[in-house]
Amino acid sequence: MSAMIPLDSLLREATAATYSDLVTRPTGAAVRDRVVGALRERPRTQALLDFSRIGLVDFSCADEVVAKLIRAVHDLPVSRVVLTGVREDHAEAIDHALARYGLVVLALEAGTGRPRLLGEVPVDWGAVFAHCVAAPGPHDADGVAAALAWPATRARQALEGLCTCRCLLAGPDATYDLGALA
Amino acid sequence: MRVITVPGHLDHRSVDQLAAQLGTWPPEERILVDAHAAEWASPSGFTALLTLAQAIAEAGGPAPRLTLPAADTVTSYWARTGFIAHADGLYELHGKVPRRRSDEASDLLLPVTPIREARDVHEVVRAVTEGATRILREELKLEATVVGGFGQSLSETCQNVVEHAGTGGWVAVHTYNYRRRLGRRVAVISVSDAGIGFRRSLEATQAKRYGDRWSDGMAIETALIHNISRFRDPGRGQGLAGTKRYLARWQGKIAIRSGTARVAIVPPWDDEPPMTEGLAWFPGAQVTVVIPGKEAPEG
């Protein structure tokens, strides 16, 4: 089950103004507080943070809204947080903010909905994730290892890493999947 | 009365010439800023002149006088940038004050605008993204991702005032032909404040690490090169770090002057020294960001 969190609405609430840009730390912190409040009301759901009606995202606000949220995501009752409606310029700011903490998050691109990873993505994780996006899952370590011509241990480590940051979901029989993203 | 002559071309480097004429601080005598021979000023020049008058006011000094440029075309431009309207509250103006024309020049991405709080940063970003995107894309031939990064850099440099200065500041964003150094049009963001400066902002957390070497230059370098902020939050320092990454990708330049030093990250097309120390003191901090357009100007 997914819950869409419209950041534009939370931004307007937080600033009591008609701004569409996620800029400045105070604004970012206020928006994050509202996001956390919304997530606490939706236990066990997959939260989709919707950037589609957001204009600019600056680096400081990306830190406050996304990086600090993802750092605390294990304390929240949601199954995972996915960013959606993310444009290239949003991605740039978010990527930069997450990399500072060594964090990775799953995002869906604006327009195409194509899944991508943002943040400090180890090379092996990137390769495995690209394989999982290109070929429908579920995937196991042996299948991924065969496809990438890797030892199974290497594939398993990357799959488990992606699962730890909730970019992939663990399934039965040691399988992994992107999960439903809508 | 101490007379400070404004250089014919006032930009982020020739602000040093203003500083060199200041004498003791706060000024012991009333100051006359003489711009009658000025021919041109960059956004850094406008914001620095406002910062000077603001700092004098905040130091309890009498309002300085400002002699406006003698050339009508120059004064008209200064009026169109919004400079004269703001200067009118800080300086005692002398000379012919032109009526501000309603047709804003297309080289003004953002007229001179005060920055005091986070809400001002929102307004600045909104104004630039709504009004300047066409200019950045069509005149400077910048791609959408470059334009987005421009807004991010603008936001972050303005936030430095709100977060660190301890007082208000000024921002202006213009485009102009940078023929001599680059042979292209550039977009220039200038932010200047009359606040505590980088050295005092970072002193409590960083000075001990540097001992006797602690200086204005070290303070700027700590923030700009090492991405260190006075806040202990590990997410802090992202603004300048992200701005640097953006500028590195698009061969942009950033120069920060504070107190008696200026530190710059210099792209291959420019020859400014990475660090200049021993400058004459100037109040607050001045940040200049230059983004080159993609193509040479026509003609």
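Summarised in this report is the structure supplied together with it. (Residues numbered from 1 in each chain as written. Chains lettered and ligands numbered in written order. Predicted model: local features only at pLDDT ≥ 70, side-chain atom pairs only at ≥ 80, totals over all residues. Heavy atoms only, no water.)

**With respect to the sheet that holds strand β6 (residues 139-140) of chain A**
Across a sheet, strands are paired by hydrogen bonds formed along the backbone, either parallel or antiparallel in direction. Residues and elements named next belong to chain A. As summarised here, the arrangement of the three strands in space is β6-β8-β7, forming an open sheet in which the pairing is antiparallel. Only two strands of the sheet have a single partner each, and these edge strands are β6 and β7 (169-171). Across three bridges, the pairing between β7 and strand β8 (residues 175-177) is antiparallel. Looking at the pairing, glycine 171 lines up with threonine 175 of β8. (Pairing = 2+ DSSP bridges. Helix = DSSP H or I, 4+ residues; strand = E, 2+ residues; numbered from the N terminus.)

**Topic: the side chain of serine 190 of chain B**
Residue and element names in this part refer to chain B. Along the chain, the position of serine 190 falls in strand β9 (residues 184-193). Given the relative accessible area of 1%, serine 190 is considered buried. Only 2.6 Å separates the side chain of serine 190 from the side chain of serine 44, close enough to count as a polar contact. Apart from residues no more than four positions distant in its own chain, serine 190 is found in contact with Pro43, Ser44, Thr47, Trp170, Val171, Ala172, Val287 and Thr288. (Buried < 20%, exposed > 50% of the residue type's maximum accessible area, 1.4 Å probe, protein only. Polar contact = N/O pair within 3.5 Å; in protein donor to acceptor, adjacent residues only side chain to side chain. Contact = heavy atoms within 4.5 Å.)

**Section: the interface of chain A and chain B**
Of the residues lining the interface, 29 residues belong to chain A; the matching set on chain B comes to 29 residues. Here chain A and chain B share an interface that buries about 2500 Å² over both sides, 48% of which is from carbon and sulfur atoms. When the buried area of chain A at its contact with chain B is split by residue, Tyr19, Phe59 and Arg100 of chain A rank highest and sum to 29% of it. The interface formed by chain A and chain B contains two salt bridges. It is helix α4 (residues 88-99) of chain A that provides the largest number of residues to the side of chain A that touches chain B, a total of seven residues. Here the side of chain A that touches chain B is built from residues that sort into 11 nonpolar, six polar and 12 charged. (Buried area = accessible area lost by both parts, 1.4 Å probe. Salt bridge = Lys/Arg side-chain N within 4 Å of Asp/Glu carboxyl O. Nonpolar A, V, L, I, M, F, W, Y, C, P; charged D, E, K, R; others polar.)

**Some details on the pattern of salt bridges**
On inspection of all chains with the given rule, the structure shows 29 salt bridges over all chains. Across the pair aspartate 233 of chain B and lysine 68 of chain A runs a salt bridge whose closest N-O atoms are separated by 2.5 Å. With aspartate 233 of chain B in the loop between α9 (216-224) and α10 (238-249) and lysine 68 of chain A in helix α3 (residues 59-71), the pair connects residues from two separate chains. Here arginine 262 of chain B and aspartate 16 of chain B are joined by a salt bridge, their closest N and O atoms 2.9 Å apart. One end of the pair, arginine 262 of chain B, is in strand β11 (residues 261-265); the other, aspartate 16 of chain B, is in helix α1 (residues 15-20), and 246 residues separate them in sequence. Residues joined by salt bridges that share partners form a network here, namely Arg25, Arg32, Asp63, Glu64 and Lys68 of chain A together with Asp233 of chain B.

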